[in-house]
Every structure is written in structure tokens, then in C-alpha cells.
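Listed here are the chains, written in short residue letters.
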Amino acid sequence: MKIIVCIKQIPDTKDVRWSKDNNIIREGLISILNPYDVYALLAARKIKEKFKNTEITILSMGPNSAQEAIRYALCLSGGENGILLSDKKFSGADTLATSKTLKYGISKIGEFDLILMGQFALDGDTAQTPYSLSNILKLPHIGYVNKIENIFEDEITVKSTKDNGIYTLKGKFPLVLSMSGFEGENYIPLARDYVASQDKEIKILSSDDIGANSNEIGIKGSP
């Protein structure tokens, strides 16, 4: 099984300053892995524990410093590969432009069974990106997932909790899941996890590397 986990590095502060273009000014801010993405990483790890031949790729868009978040994501998930989409042309992207940039990155990864994401990113809190990405990829999507009930080689059953109820839903691969929690699951990385993650390659890809259309990315692609 091949899993892609999309993650985001975000500023760890409530004292956020905004530019005239309505973008976060990140200089001088401490950055962390988006907490909702941790649920997606734990889900990937759980699947890998069941299917030992599972290959996990961590995908992120951001500055070079986001390699730290990818390295920790590899450590937490037990993933094999890391890809960082990093280019000044990606700056100022809204959720639509972000989704299209991720689409280009995913096309470089190749075939996959499952994309896992956090439901929200705390620096934006729109919950739009998972829906936008699944729509662009023309894949089914299940949101607000907080538990994997069962998984087989061709389908997965999950629990999705929303304001209007709790649902048990089944989807066939390939599909996108966005996680709002991960019921009863936690994992504290061990020393060996940290050591192993240091030897894993993180590829840094530019706009040209992924063949992105300049009209679909960054501020230019952000309506």
C-alpha cells in the first residue's frame, strides 16, 4: 500500500502579524508541525503496522525550514520518503493554489492508494484544502475522520464525527481522508525513530521541477 501524508509547518504563536496582501508575516516566528496533521501521521503509522509493505511519503509545501516538520513527520509515521515543494513562486497561496501545487507534487510521486491530511491548519482554520485537493484529483473524500474501524487492501472503513452526528463510512482506494482526531491512538517517538529519520532523504522540488502552471500557484493563482 502506498500512502501520501500532506503536512504543513505553521507558526506557533497567537501573536500573528499580517502583510498588506493578507498573508502571515512569518519572520521571527517559531514554527511547529500543524497539530491536526499529527492525527494523519498516526493513522498512517497504524496502517503500516497492519500492512508491513506500506510505503509512506510525506509531502509539504513551504520554506526550507519546513524540512524540520517533514523530518519529525517521518519519525512519527515511520515513513520512508519526504518531499518539500519550496519556491518563492508558491508564496501567498490560498487554499485553491495550495491544492493545485500539491496536485503537481503528487503527480511526481506517482501511483498511491490513500492521501491523509489534517482536517484544519491552525494558521488558516478553513478546512478547505482537503476538499479542494480531492476535487482537483477527482477522488472521493471523507472528512472529520477520527477513527479507522477497519482496513483492507482495497477499501477502508472509518468513523467520521460531525456536529450533526457520528457516521461509519466506507471508501474504496484511491481516496482522500482528512483527520479531525484519532480516537484512542497516540505514539511517542523513540530514540530509534529519531535516528532512523535522519538517514531518510528529503527531496526539495521547485515549481519547474514539478511542472507547475505559474497561473495556478502562489498569489497569481489565488482568487
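It should be noted that the structure appears before, not after, this text.
These figures come from a predicted structure and were not determined experimentally. (Residues numbered from 1 in each chain as written. Predicted model: local features only at pLDDT ≥ 70, side-chain atom pairs only at ≥ 80, totals over all residues. Heavy atoms only, no water.)

Undergrad: Mind showing me how you'd approach the side chain of arginine 45 here?
TA: Take arginine 45: it is sitting in helix H1 (residues 35-50). Residue arginine 45 is classed as buried on the basis of its relative accessible area, which comes to 14%. Those residues in contact with arginine 45, other than ones at most four positions away along the chain, are Ile56, Cys75, Leu76, Ser77, Gly78, Tyr187 and Asp193. (Helix = DSSP H or I, 4+ residues; strand = E, 2+ residues; numbered from the N terminus. Buried < 20%, exposed > 50% of the residue type's maximum accessible area, 1.4 Å probe, protein only. Contact = heavy atoms within 4.5 Å.)

Undergrad: How should the nonpolar core be read in this particular structure?
TA: The tendency in soluble globular proteins is for nonpolar side chains to be buried as a group. Formed by 35 residues in total, the largest nonpolar core has its most connected members in Val5 and Leu116. Counting residues per element, this core draws most heavily on H1, at six residues. Here leucine 116 is in contact with Ile3, Ile4, Val5, Cys6, Ala40, Ala43, Ala44, Leu177 and Met179, once residues within four sequence places are set aside. Counting residues in hydrophobic clusters, the runner-up holds 20 residues, among them Cys6, Tyr104, Ile115 and Leu139. (Core = buried A, V, L, I, M, F, W, Y, C linked by side-chain atoms within 4.5 Å.)

Undergrad: Where do I start with the side chain of serine 99 in this structure?
TA: Mapped onto the elements of the fold, serine 99 is located in helix H3 (residues 95-109). The exposure class assigned to serine 99 is buried, which follows from its relative accessible area of 0%. Once residues within four sequence positions are removed from consideration, serine 99 is found in contact with Thr129, Ser132, Leu133 and Ile136.

Just geometry here; none of it tells us what the structure is for.
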